[in-house]
Amino acid sequence: MSKEAVESAPAAVQAAQASQTPADAGDAGYSKDLKPRHVNMIAIGGAIGTGLFLGAGGRLHNAGPALAIAYLVCGVFAFFVVRALGELVLYRPSSGSFVSYAREFLGEKGAYVAGWMYFLNWSTTGIADITAIALYTHYWSMFTPIPQWVLALIALAVVLTVNLISVKIFGEMEFWFAIIKVATLVAFMFVGIFLLATQHDVGGHQPGLSVVTDHGGIFPHGMMPVVLVMQGVIFAYAALELVGVAAGETEKPEKVVPRAVNSIMWRVGLFYVGSVVLLALLLPGSVYSADQSPFVTVLSKIGVPAAGDVMNLVVLTAAMSSLNSGLYSTGRILRSMATAGSAPKFTARMNRSQVPYGGILLTCAVCVLGVGLNYLVPSQAFEIVLNVASLGIISTWVIIMICHMIFVRRARAGQVTRPHFQLKFSPVTEIATIVFLLVCLGMMWNDPDVGRKTLLLIPVIAALLVAGWYGVRGRVARNAAEEPAELAK
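What counts, and at which threshold
Residues numbered from 1 in each chain as written. Predicted model: local features only at pLDDT ≥ 70, side-chain atom pairs only at ≥ 80, totals over all residues. Heavy atoms only, no water. Helix = DSSP H or I, 4+ residues; strand = E, 2+ residues; numbered from the N terminus. Buried < 20%, exposed > 50% of the residue type's maximum accessible area, 1.4 Å probe, protein only. Areas by Shrake-Rupley, 256 points an atom, 1.4 Å probe, with all protein chains shown as cover. Axes fitted to C-alpha atoms, helices over the stretch in contact; angles between N-to-C directions. Left-handed = near helix turned anticlockwise from the far one by under 90°. Contact = heavy atoms within 4.5 Å. Nonpolar A, V, L, I, M, F, W, Y, C, P; charged D, E, K, R; others polar. Parallel < 35°, antiparallel > 145°, perpendicular 65-115°, else oblique. Patch = residues over 30% accessible without salt bridge, like charges linked within 9 Å, V, L, I, M, F, W, Y side chains within 5 Å. Salt bridge = Lys/Arg side-chain N within 4 Å of Asp/Glu carboxyl O. Lys, Arg positive; Asp, Glu negative; His and termini not counted. Charge placed at Lys NZ, Arg CZ, Asp CG, Glu CD. pLDDT = per-residue confidence, 0-100. Expected span 1.5 Å × (residues − 1). Core = buried A, V, L, I, M, F, W, Y, C linked by side-chain atoms within 4.5 Å. Phe/Tyr/Trp six-rings, centres within 6.5 Å; stacked < 30°, edge-to-face > 60°.

### Concerning the overall build of the protein
Per the secondary structure count, the protein includes 20 helices and 0 strands. Counting only C-alpha atoms, the protein reaches 90 × 50 × 40 Å along its principal axes. Scored against the burial criterion, the 489 residues of the protein give a buried share of 57%. Put simply, the protein shows about 20,200 Å² of open surface, and 67% of that area lies on carbon and sulfur atoms.

### What to know about the packing of helix 8 (residues 167-198) against helix 15 (residues 307-340)
When two helices pack together, their arrangement is given by the angle between the helix axes and by the axis-to-axis distance. Where helix 8 contacts helix 15, the two axes come as close as 10 Å, and the packing angle between them is 145 degrees. Relative to helix 15, the crossing made by helix 8 is left-handed. In contact with Val 167, Phe 170, Met 173, Glu 174, Phe 177, Ile 180, Lys 181 and Thr 184 of helix 8, helix 15 contributes Met 311, Val 314, Thr 317, Ala 318, Met 320, Ser 321, Asn 324, Ser 325, Tyr 328 and Arg 332. Taken together, the residues of the contact of helix 8 with helix 15 break down into 10 nonpolar, 5 polar and 3 charged.

### Some thoughts on the packing of helix 5 (residues 67-91) against helix 6 (residues 97-137)
Closest axis-to-axis distance for the helix 5/helix 6 pair is 11 Å, and the angle between their directions is 75 degrees. As summarised for this structure, helix 5 and helix 6 are arranged roughly perpendicular, according to the angle between their axes. For the pair formed by helix 5 and helix 6, the contact residues are Leu 85, Leu 88, Val 89 and Tyr 91 on the first element and Ser 97, Phe 98, Tyr 101, Glu 104 and Phe 105 on the second.

### Considering a positive patch on the surface
Together, Lys 345, Arg 349, Arg 475 and Arg 478 make up a region of like positive charge exposed at the surface. Take Lys 345: it is sitting in the loop between helix 15 and helix 16 (357-376).

### Points about the environment of Leu 151
Inspection of the secondary structure assignment puts Leu 151 in helix 7 (residues 148-165). Along the chain, Leu 151 and Leu 135 lie 16 residues apart, while their C-alpha atoms are 8.7 Å from each other. Discounting chain neighbours no more than four positions away, the residues touching Leu 151 are Ala 134, Thr 137, His 138, Phe 143 and Ile 146.

### As for the confidence of the model for the protein
Taken residue by residue, the protein gives an average pLDDT of 84. The fraction at 70 or more is 90%. Mean pLDDT in the protein bottoms out at helix 1 (residues 3-20), which sits at 37, and peaks at helix 18 (residues 428-443), which reaches 94. Across residues 1-21 the pLDDT falls below 50, and counting only partners more than four positions away or on other chains, this stretch makes 2 contacts in the model.

### Some thoughts on helix 8
In this model helix 8 runs 46 Å from its N-terminal to its C-terminal C-alpha over 32 residues, within 8% of the 46 Å that 1.5 Å per residue would give. Positive backbone phi, approximately 55 degrees, marks Gln 199, located one or two places after helix 8.

### Some remarks on the nonpolar core
Judged by nonpolar contacts, the single largest core of 158 residues is most densely connected at Phe 53, Tyr 71, Trp 116, Tyr 237 and Trp 397. With 21 residues, the top contributor of residues to this core is helix 6. Not counting residues within four places of it along the chain, the set of residues in contact with Phe 53 comprises Ile 48, Lys 181, Thr 184, Leu 185, Ser 293, Pro 294, Phe 295, Met 311, Val 314, Val 315 and Ala 318.

### Some thoughts on a nonpolar patch on the surface
The grouping of Trp 149, Leu 153, Val 368, Tyr 375 and Leu 376 at the surface amounts to a nonpolar patch, some 520 Å² of accessible area in total. Listed by contribution, the elements that provide at least two residues to the nonpolar patch are helix 7 and helix 16. The element best represented in the nonpolar patch is helix 16, accounting for 3 residues. Tracing the backbone through its elements, the reader meets Trp 149 in helix 7. With relative accessibility at 34%, the residue Trp 149 sits in the partly exposed group.

### Description of unusual backbone geometry
Across the junction of Ser 426 and Pro 427, the peptide omega takes the value 5 degrees, indicating a cis bond. Of note, the phi angle at Ala 306 is positive, near 60 degrees, even though the residue is not glycine. Note on placement: Ala 306 falls in the loop between helix 14 (294-301) and helix 15.

### Section: the packing of aromatic side chains
In this description, an aromatic ring pair is defined by two values, namely the gap between the centres and the angle between the planes. This model, assessed by the stated rule, comprises 17 aromatic pairs. Judged by centre distance (5.9 Å) and plane angle (85 degrees), the ring pair of Phe 77 and Phe 80 falls under edge-to-face. Of this pair, Phe 77 and Phe 80 both sit in helix 5, separated by 3 residues, roughly a single helical turn. On the basis of relative accessible area, Phe 80 is assigned to the partly exposed category, the value being 23%.

Below is the structure:
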């Protein structure tokens, strides 16, 4: 063997070893138990939630048939975000997802902000979910005597237990939650199409285009209500980014992720836009209300027995699914942060089932505060936390697009290689998405009761993030110095 070959052999071995070790220390130790069907259904479950089953009623009342346009526009930008994240996942799958990518492309400060804003999103969404679960459970008279906060605590305990057992159990639970939601929507759409085709009377109205034209057209209240509902519609799409987190625990992300991401667009078109168009053609927008699922409104008008009970069960399922996903994703995100030093050390801990229980328990601790909120102000708990959560999801999506923009810039400089699965027309697509998201955030100012107060929280959150960074930066610096040695072991 030549002298050059002898000298190059250790380097080759070292390179091979480096390729087998995770680029993010937080990715070590996970099982790969999520099957393609789990990831596909997680994508569906992220795209279909209470924002459609319950929130569409109030939005139809305010915006009219033009709500379908709002869902379509927001859906396109949501797809851009997931497509950008999907490209980053194929470049380097990570359970730390966008936090791991923020660390690579924006540095530790970027990862710190991304992680804690995402935690803010899901911990407050978790409070909204357990509040919703308690409210939906009170729909049945047998549960009415039980205090709202007790039901919220029971729901949290059940979902926590499922999350701690194993990622496979989480995947199965999400799979069946998504099946229930999809089956319900498909069944309703068949009913709606039948009512349209037969011109069956719906609450004194003959379904069809005349329902729209005779009640103010597509924009019965003008453009402004449509613009104002955009912020709520964006929140309806929150959780689509779960595909990126789940990719870290599946065996073949390069095959599973593109299929899941690409299918999101037609699902948005079919389930969101399609169902809203059907609702608008069946009844005037003024008939729908924020207090009742629009699907229950239609079914009750045609005398379907137990329509309210069935739909309440589906909405309850959607809320449980959201809570389940929130605990799953924050557990993984916090572990990625903890290994870098920007989250408490205990959130990096994993149990025998390879579940990062420390981060999941921290999210649950915040949700327990939500149980207290349900005890103190049960009528206002849902609205308060929902608006705070919107700050978290918008900031997360903006960070994903910034990371992708930097990634593409480095690829053009020859520093990294883009996968075949790409977000097209960079950086125009990213910039347009960021501007749109920030405009949606600014729209909250038009809601003086809750939205404006939520925006006033931004300086408070920023101050807490700055103070927190000064508290952890020493540990982050030490971990950054130690991480290369740990990864090489």
